[in-house]
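Chain residues, written in single-letter form:
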4 protein chains.
Amino acid sequence: MIAKLRIAVIGAGYWGPNLARNFDAGPDWELVAVCDRDRARAQLVADRHGGVRVVTALDDLLTAEDIDAVAIATPAATHHQIACAALAAGKHVMVEKPLADTAERGEDMVRMAAAAGLVLMADHTYCYTPAVLKMRELVREGALGDILFIDSVRVNLGLIQPDVDVFWDLAPHDLSIMDFVLPGGLRPLSVTAHGADPLGAGKSCVGYLVLPLEGGAIAHVHVNWLSPTKIRQMIIGGTRRTLIWDDLNPQQRISVYDRGVDLNLQALHDENRASSTVSYRLGDTWSPALPEREALGAMAAEFAASIREKRAPITDGEAGLRVLAVLEAASRSLASSAAAESVAPWERELIGEAL
Amino acid sequence: MIAKLRIAVIGAGYWGPNLARNFDAGPDWELVAVCDRDRARAQLVADRHGGVRVVTALDDLLTAEDIDAVAIATPAATHHQIACAALAAGKHVMVEKPLADTAERGEDMVRMAAAAGLVLMADHTYCYTPAVLKMRELVREGALGDILFIDSVRVNLGLIQPDVDVFWDLAPHDLSIMDFVLPGGLRPLSVTAHGADPLGAGKSCVGYLVLPLEGGAIAHVHVNWLSPTKIRQMIIGGTRRTLIWDDLNPQQRISVYDRGVDLNLQALHDENRASSTVSYRLGDTWSPALPEREALGAMAAEFAASIREKRAPITDGEAGLRVLAVLEAASRSLASSAAAESVAPWERELIGEAL
Amino acid sequence: MIAKLRIAVIGAGYWGPNLARNFDAGPDWELVAVCDRDRARAQLVADRHGGVRVVTALDDLLTAEDIDAVAIATPAATHHQIACAALAAGKHVMVEKPLADTAERGEDMVRMAAAAGLVLMADHTYCYTPAVLKMRELVREGALGDILFIDSVRVNLGLIQPDVDVFWDLAPHDLSIMDFVLPGGLRPLSVTAHGADPLGAGKSCVGYLVLPLEGGAIAHVHVNWLSPTKIRQMIIGGTRRTLIWDDLNPQQRISVYDRGVDLNLQALHDENRASSTVSYRLGDTWSPALPEREALGAMAAEFAASIREKRAPITDGEAGLRVLAVLEAASRSLASSAAAESVAPWERELIGEAL
Amino acid sequence: MIAKLRIAVIGAGYWGPNLARNFDAGPDWELVAVCDRDRARAQLVADRHGGVRVVTALDDLLTAEDIDAVAIATPAATHHQIACAALAAGKHVMVEKPLADTAERGEDMVRMAAAAGLVLMADHTYCYTPAVLKMRELVREGALGDILFIDSVRVNLGLIQPDVDVFWDLAPHDLSIMDFVLPGGLRPLSVTAHGADPLGAGKSCVGYLVLPLEGGAIAHVHVNWLSPTKIRQMIIGGTRRTLIWDDLNPQQRISVYDRGVDLNLQALHDENRASSTVSYRLGDTWSPALPEREALGAMAAEFAASIREKRAPITDGEAGLRVLAVLEAASRSLASSAAAESVAPWERELIGEAL
C-alpha cells in the first residue's frame, strides 16, 4: 500500500470545507491541518474531520514537515502571496479559481513552480465532472473531427456580486472547460467582450465573449445574471460529429449527433455553384452512460497522481493562466468599447514554452 | 358588406403560391392575377385558384384597372424596380423580405410610397404568428417593464446558401421580430457582427450580432447553420418580468416569469456596499393561451385593413427598412473585422421622420 | 417499368381525401375513381386529382373492369357490406380502422378474402410512420431481448365523441402499434378495461386497458380525453434493452436505453437472498436517425407490394381483427365491472389458423 | 419564547439519521436521545448532534421523563409494538411509513392514541414538500373544481427489494399524496391491482392500481422498477382546471391549466346530440412559485404544532391507516387475480369515526 500524501487546506470560508471533506474522504490523502486567520472558523471545519490540527499563521503551517501539499481557498487577491510562500517552502500547491488576480502574478506562480519542480494545479472543478471528462475524451480521440465552433450558454438569476462582473463570476467555468476539452488548450486569436449593464449596477450583468480560434473556428460564451431560468448548455460542433452538453438534464447530459454538413470544395469553386456543393449527414444520436462520481473527489485523486507521477496535472497552472489571460483580455476589451484584444505576448510565449 | 380588395401576386416561385393561397382564402381579398415571366409556373398557381388570370409582362399587369394591390415575391434584387413601378401605377404594395437589396433602394421605396399616399408593407410573416403578436402586446402594455436585454437563438442544420451568408438567411426573422416587439422599433446604437466560416464555404456559417440599445440595454442574435439540433428561443428580459419564447414547444410557446433582480440604487452608492443592494423576486410563471391562426392569413388581413383605414400597417416599409439597415451594417462590420458600425445617418433620419 | 395498379377510393368524407392524395402521388397507383353517395363531395376530391371519375353507386364502381383495388373510408358500420361486395367483385380491399363494427363481421371479411385469394389490408396508418417501422425492426431483430412490458399513454383534451367512448376513439392506435411491433402480434391472455365517466357524458372519458401477455409480461394502455396536455408515449421494456417512443419530440422520437435489471435466478433461490440477486446495467442511450416519410405514402406502397407479391400486407386483415377483438373484449369487460375477459375462442382460433 | 419540545429518535439505520438532523436543526425541538439496539450505530448519530444521549433498551428510553415525543424509524414489523409502548408511556408518536405492517395493527395504534389524547403522526414526508403543500392548498380552495381523475406515474430502474413488491415499495408515496390532497382523504370505492413479474423475481415489478372514487372519478397509479428513465408525474384533473406535477422539472414543478371540457348536460339528453354538447376552454397556464424548504423540516414543525395546539397533524394516524388499508386491499386483489377489493368495513368505519 502506498503511503498517503499529507495536505493542509488554507481558507475555511465557503469552498475550503468542501476541499477538506474530499481530501479527507479519498484514499490518497491524509488531511493534517486546516489554516485560517479566524481560529473559530478553522476549528469548525477541523471538528468535522476528527479534530485535525488548526493553524492560524501561514508561517507556522509552511514550516511544518508533515505537510506535502496545500490547497488554497482564500480570496483571489491573496493567491499569489500564499502560493509563492508555499512553493518556496517546498509544498505542492492547488489553487482555487481564478489562479491569481492578475495574469502577471499567475505567470510568476507558474514559473516558480516549474523552477522548483513542484506541482501547481488549478482547481477547475467542473473539469472533473464525469460529463466534462467524457467530452475531453471524445474530442481528443477525434470522435468529433476538427472543431468548428463552441457555443456556451450559462445564464440564471444571479447574485450581483460586489467585486466582480458577470464575466469574472461565470465565464471562468466555460473557459476552463473549453481549455480542458480542446486538444491544445484554449488559445484564442483574440478576445472581444460585449457587456451590458441595463440596471445601472456599475458592472456588466449580461455578457458575450467572442473568441476566434485557429483555422476559422470560433468559440462564444453567453453569461447572464438576469435570466429567470437557468441554462447550462455547450454545443461543440465538429467536422465529424457535434456534441451537446446540457448539464441540467441529468437523464441525458451529453448527446453526440452524427449529423452535419459536408462541403464539396471542388463543386464550390465551379462556375455553376449549385446545392450539390453541400451534403448532409443525418445519422443517429448517441448518449454515453456517465458514472456517478463527485468532481472534487476526482480532482483530489488527480492532484495526488500528478505529484506521485511527477507530471503536470490535467488542469495545471498553465491552464489556470490561460483562463486568466482570456478574462484579463476580456476586461481590456470591455474598457476599450469591445475592441478585439490579443492575449498579451508574454502570455502566449509563456504558454508556448510551458507546453 | 364591404367589397373585396383585388390583388395580384407577382412571382410564382417558392413563396408566391403561399401568398396566393392566403389572399384567396380570406374574406378581404379577391385574387385576380398571378404574374411570372415563366407562364407555366404562373399557370400552375392560377389553376389552384379557380383559374385566375395569368400575366407574364409586368406592364400588362400594372396597367390593369381591376387591381388594387400587388404582393411581390420575386428575388430581392428586383424588389425596388417592381415596387416602384407598382407604386407609380397607383397600386398598394407588399414586399417579401428583405424589403430591397440595399437600404438606399429600400429608402427610395419608402419615400415614394409616402409621397403617393399608398401602403408599402413588409412581409415579416413571423410577426403575425399568435406568439409574436402576444409578445408585442405584452411588451407594449408594459407587462415586462423596461427592456433590459433581448437574446435570440436561431440555429439548425441549414442549407448553405449560394448567395447569402447565415446573417442574411436567418437573422431577418430575429430582427423583424425585435423591431415588431420593441415599442419604438429596433434602433440599435451600433451593430457588431462576428462571423465564422470554419468549413471554408466562403461565407459565414456561424454568426453573432451585437446590438446595444438605448439606456444600457442590449440585443443579441445567434444564427448558425451547423447545429445538429434546432433551437428557436428568444429571451426578453425586463425590469418587471421576463418572457421566454420557445417556438419549438407547441404546448408552452410563451412563458412569462415574474422573477427578476431589483437594484436598490441608494444602497449601491453607499460606502458599505453589501448584498442588500440587490433583491430578488421569485414569483409565478404564466403562459398565455394562444389562438390557432395561420400567420399569412393574419398578414393578409392587416394589409387590407391598413389600406381601408389609410394607415401604416404594423409591419410597414419603415420596419422593413430598419431590418435592412441593420443587416447592411452587419455586413459592413464583418468586412471591417467586427468593428461596431453605426446605422447610417440618413437611415436614422428617415426613420425619425417617418415615425 | 411495372404497370400501375388502379384504385378507387370509397368515401369522400374526412379520411378519403387523404387516401386519394397519397394513392395519386406515389409511383405504384393510378387513382381512377372516387365514390360517394354525395356526388358534390366526391367531385370536390376528384377535381384535385385531374378530374378522375366520380361514381355515386357502389355497384357501378365494382362492375368496372379498370379497377384492381378499393380503399374504403366510410363509417365502420358499412365496412363489412362494402368490403364483401368488393371482394366478391374480385377487388383487393383496404379498410380504414376499425376493420368492422363487430369482430364477427371482421372475421367474415378475413375468411372471404382468404378464400378469394385477395388482399385484405387494415389501414393502421401509425404503423407506417418511420418511428413505428423502426420499433418493429428493433423488436423483431431482438435488440430489446424478450419483451417484459409495454406501457402506452395517449392523452389529450379530446372531443367527446357522440358514438364511441375513449377506448374506441384512441386505443386502436396503441393496440395496432403493439400488434405491429410484437413478433407474434398482440395476443393478450385476457383484457380488463377500467373506465371512468366523471363528467356524466354517458361513456368513458378516461380509460385504462390491462393486457397480460404470455410469459408474465404485461401491456397497458392509458387513454384520456380530459388531459390539458398531450402525451404520446410508449415504453417497451425488454430483457436486453428498453425503448421509449415519444411521438411529440421530433428531435428524438425514439430512445433505446441499454439499461436494465438482470436477475441472478440461482441467487434468488438461495436461502440467504441478498441484493446480489439483482444487477444493473447502466449503459448508453441511442437514438436512431429516422427518415422523413409520410406514413400514408408508405402504406400505399405496401398495399401495392402485397398485391404484386401475392402475400399478406404487414397490416393485414388478421391484424385488424386482433385489434377489433381486443376492443370488443374491452367493452365486455367494462360492461361486467372490469372483469378480465378472454378474447373469444373463435377469434383465437381464427387468428391461430390464419397465421 | 416557547420551551422546546424534547424528542428521541428510535432506530439509527437509514432514515433515523435524517430525522435526527431535522429535529436537531429546527426551532421547535430539542433532540435528547437516539435509541438503537446497536449501540455503535446509535453513537454515530448521536455524535453528529453534540453527543446526545444514547439508549439501547426501549424501556429505558420510555421511562425517561425528559422526553415528550418519539420518532420511530425501525422496520415496519416493529412499529406497532414500539408505538403502543410509547403511547402507553405518555409519549407523542411519529411513525415512519408504513404506519404498521397490517391495517389491523395500524387501527389499534390509532385507537390507542385517540384514547390517550396523544398525537400519532404518519411520516408522509413527500406531503411536506412545497409542491405537494401547494397542490393540497389549490385542491382544497377549489381552484381545480371537483376532481375528475388523478393519474400518478412513478417509474425508474429500481432495486428489486427482498421483502416487498413494487406496490409496497413505491405506491405509498402516491397514495399518501393523494390522501393528503383530496379534501376528504383517499377513500376509494374499491381497489384493483394488476401486477406483472416478467423477470420471475417472485413478486410484482410492474404494477397498476385502479381506485374508483365517489362521483364517477378515478385514481390510478403506475409503479415500475424496470423503467430505464425516471418519471414522477401526477395529473389531477378537475372540472375547473387541471394540475400537472412533474417532480423532476425543478424549473416548473407545478403547472395549472385553465383548460378543460365543459359538458352541456341539457344538450346531451336532446334527441339530436351534436358536438354542441361539449365545449372547450383553452385558457392560460400558470405555474406558482414554490419556496425552497426541506420537507423534513416542515414535518418536524407540524409535529410540534399539532402537539402544542392539541389537534391532529395534517398527516395523522388515520391518514397512515387509509394508505395502509389501500395497500392491503391491493395485495388481496393481486392474490385474487385482480378482483376489485373493497377496503375492509372496519377500516371504513374507523375512518368514518375518526374524522
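Residues numbered from 1 in each chain as written. Chains lettered and ligands numbered in written order. Predicted model: local features only at pLDDT ≥ 70, side-chain atom pairs only at ≥ 80, totals over all residues. Heavy atoms only, no water.

## Some words on the sheet that holds strand β6 (residues 120-123) of chain A
Residues and elements named next belong to chain A. Read across the open sheet, the six strands follow the order β3-β2-β1-β4-β5-β6; overall the sheet is parallel. Bordering the open sheet on either side are β3 (53-55) and β6, each of which pairs with just one other strand. If you compare each strand with its neighbour and ignore which way they point, the axes differ by 25° on average. Sheet contacts for helix α1 (residues 16-25): β1 (5-10), β2 (29-35), β4 (69-72), β5 (92-96) and β6; angle to β1, the most-contacted strand, approximately 170°. (Pairing = 2+ DSSP bridges. Helix = DSSP H or I, 4+ residues; strand = E, 2+ residues; numbered from the N terminus. Axes fitted to C-alpha atoms, helices over the stretch in contact; angles between N-to-C directions. Contact = heavy atoms within 4.5 Å.)

## Regarding the UniProt feature "domain: GFO/IDH/MocA-like oxidoreductase" (unreviewed entry) in chain A
With numbering matched to this structure, UniProt assigns "domain: GFO/IDH/MocA-like oxidoreductase" (unreviewed entry) to residues 133-243 of chain A. In this annotation, residues 133-243 of chain A is assigned 22% helix and 41% strand; the end-to-end C-alpha distance for the span is 13 Å. (UniProt positions renumbered as here; feature names shortened; annotations may be inferred.)

## Quick word on the interface of chain A and chain B
How large an interface is tends to be reported as the accessible area lost when its parts come together. Each partner contributes to the interface: chain A provides 49 residues, whereas chain B provides 49 residues. Seen at the junction of chain A and chain B, the total is zero salt bridges. The biggest single contributor to the side of chain A that touches chain B is strand β11 (residues 226-238) of chain A, with seven residues. Per-class residue counts for the side of chain A that touches chain B are 29 nonpolar, 15 polar and five charged. (Salt bridge = Lys/Arg side-chain N within 4 Å of Asp/Glu carboxyl O. Nonpolar A, V, L, I, M, F, W, Y, C, P; charged D, E, K, R; others polar.)

## Re the interface of chain D and chain C
Between chain D and chain C, the contact holds 49 residues from the first and 50 residues from the second. Between chain D and chain C, roughly 4100 Å² of surface is buried when both sides are summed, and carbon and sulfur atoms account for 71% of that area. Linking chain D to chain C there are zero salt bridges. At the junction of chain D and chain C, the tally comes to eight residue pairs in polar contact (both at pLDDT 80 or more). At seven residues, the largest contribution of residues to the side of chain D that touches chain C is made by strand β11 (residues 226-238) of chain D. (Buried area = accessible area lost by both parts, 1.4 Å probe. Polar contact = N/O pair within 3.5 Å; in protein donor to acceptor, adjacent residues only side chain to side chain.)

## What about the domain arrangement of chain A?
Residue and element names in this part refer to chain A. Assigned domains within chain A: domain 1 (5-124 + 295-322) and domain 2 (127-294 + 323-354). Placing the centre of domain 1 and that of domain 2 at their C-alpha centroids yields a distance of 28 Å. Taken together, the contact pairs 30 residues of domain 1 with 27 residues of domain 2. Along the contact surface separating domain 1 from domain 2 lie two salt bridges. Residues Arg 21 and Glu 294 are paired through a salt bridge, measuring 3.4 Å at the closest nitrogen-oxygen approach. Run the count over domain 1 and domain 2 and you get 18 residue pairs in polar contact (both at pLDDT 80 or more). When residues of the side of domain 1 that touches domain 2 are traced back to their parent elements, those giving at least two are α1, α5 (103-116), α9 (295-308) and α10 (317-335). In terms of residues, the side of domain 1 that touches domain 2 owes the most to one element, α9, which gives seven residues. Each residue belonging to the side of domain 1 that touches domain 2 can be placed in one class, and the counts come to 14 nonpolar, seven polar and nine charged. (Domains from an automatic or database assignment.)

## Some details on the packing of aromatic side chains
All names here are of chain A. Considering all chains together, one arrives at 24 aromatic pairs over all chains under this definition. Aromatic side chains Phe 23 and Phe 303 sit 6.5 Å apart centroid to centroid with 65° between the ring planes, which places their arrangement in the edge-to-face category. Remark: Phe 303 occurs in helix α9 and Phe 23 occurs in helix α1; sequence separation between them is 280 residues. According to the relative accessible area criterion, Phe 303 is buried, its value standing at 0%. (Phe/Tyr/Trp six-rings, centres within 6.5 Å; stacked < 30°, edge-to-face > 60°. Buried < 20%, exposed > 50% of the residue type's maximum accessible area, 1.4 Å probe, protein only.)

## A short note on the relation of the copies chain D and chain C
Laying chain D over chain C is done by rotating through 180° and shifting 0.0 Å along the axis; what remains is an RMSD of 0.0 Å. As the rotation angle and translation indicate, the two copies are arranged about a two-fold axis. Residue Ala 339 of chain D, judged by its C-alpha, is the member of chain D lying nearest the rotation axis, at 3.9 Å. An overlap of 100% is found between the interface residues of chain D and their copies at the interface of chain C, pointing to a shared contact surface. (Least-squares fit on C-alpha atoms with pLDDT ≥ 70 in both.)

## Quick notes on the pattern of salt bridges
Following the criterion strictly, the structure yields 60 salt bridges over all chains and no others. Asp 101 of chain C is the salt-bridge partner of Arg 105 of chain C, the closest N and O atoms lying 2.8 Å from each other. Accessibility expressed as a relative area gives 28% for Asp 101 of chain C, which makes it partly exposed. One salt bridge in this structure joins Asp 247 of chain D and Arg 253 of chain D, with 3.4 Å as the shortest N-O distance. Taking the relative accessible area as the measure of exposure, Asp 247 of chain D reaches 17% and is therefore buried. The partly exposed category is assigned to Arg 253 of chain D, whose relative accessible area is 29%. Each of the salt bridges in this network shares a partner with another, and the network as a whole consists of Glu 302, Glu 309 and Arg 311 of chain A.

## Digging into the sheet that holds strand β2 (residues 29-35) of chain C
All names here are of chain C. Pairing within the open sheet is parallel, and its six strands lie in the order β3-β2-β1-β4-β5-β6. Pairing within the sheet leaves two strands with one partner each, and these edge strands are β3 (53-55) and β6 (120-123). In this sheet, neighbouring strand axes are inclined to one another by 25° on average, regardless of whether the strands run parallel or antiparallel. Examined bridge by bridge, strand β5 (residues 92-96) and β6 share four bridges and lie parallel to one another. Looking across to β6, one finds that Glu 96 is bridged to Asp 123.

## Quick look at the packing of helix α4 (residues 79-88) of chain A against α5 of chain A
Residues and elements named next belong to chain A. One way to put it is that α4 packs onto α5 with a least axis distance of 10 Å and a crossing angle of 10°. With respect to α5, the axis of α4 lies roughly parallel. Contacts between α4 and α5 pair His 79, His 80, Ala 83, Cys 84, Leu 87 and Ala 88 from the former with Arg 105, Asp 108, Met 109, Met 112 and Ala 113 from the latter. The residue makeup of the contact of α4 with α5, split by class, is seven nonpolar, two polar and two charged. (Parallel < 35°, antiparallel > 145°, perpendicular 65-115°, else oblique.)

## With respect to the UniProt feature "domain: Gfo/Idh/MocA-like oxidoreductase N-terminal" (unreviewed entry) in chain A
Summarizing the sequence annotation, UniProt attributes the feature "domain: Gfo/Idh/MocA-like oxidoreductase N-terminal" (unreviewed entry) to residues 5-124 of chain A in the numbering used throughout. A distance of 21 Å separates the end C-alpha atoms of residues 5-124 of chain A, which is 41% helix and 24% strand.

## Quick notes on the nonpolar core
Across soluble globular proteins, you tend to see nonpolar side chains buried next to one another. Residue and element names in this part refer to chain C. Counting 97 residues, the largest nonpolar core has Leu 19, Phe 23, Trp 29, Met 135, Leu 175, Trp 245 and Phe 303 as the members making the most contacts within it. Considering each element in turn, this core owes the most residues, nine residues, to helix α7 (residues 166-181). Those residues within four positions of Trp 29 in sequence are excluded, and the remaining contacts are Lys 4, Leu 5, Arg 6, Ile 7, Phe 23, Ala 69, Ala 300, Phe 303, Ala 304 and Ile 307. (Core = buried A, V, L, I, M, F, W, Y, C linked by side-chain atoms within 4.5 Å.)

## Here we look at the relation of the copies chain A and chain B
Once chain A is rotated about the relating axis by 180° and shifted along it by 0.0 Å, it coincides with chain B to within an RMSD of 0.1 Å. Of all interface residues in chain A, 100% are interface residues in chain B too; the two copies therefore contact each other through one and the same surface.

## Considering unusual backbone geometry
Cis geometry marks the peptide bond from Lys 97 of chain A to Pro 98 of chain A, where omega comes out at -5°. In this structure, Pro 98 of chain A sits in the loop between β5 and α5. Backbone geometry places Ala 338 of chain D, a non-glycine residue, at a positive phi of 60°. Among the secondary structure elements, Ala 338 of chain D is positioned in the loop between α10 (317-335) and α11 (345-354).

## Quick notes on the side chain of Asn 156 of chain A
All names here are of chain A. One can find Asn 156 in strand β7 (residues 147-157). Of the polar contacts made by the side chain of Asn 156, one reaches the side chain of Arg 232; its length is 2.8 Å. When sequence neighbours within four positions are dropped, the list of residues in contact with Asn 156 reads Leu 170, Asn 224, Trp 225, Leu 226, Ser 227, Thr 229, Lys 230 and Arg 232.

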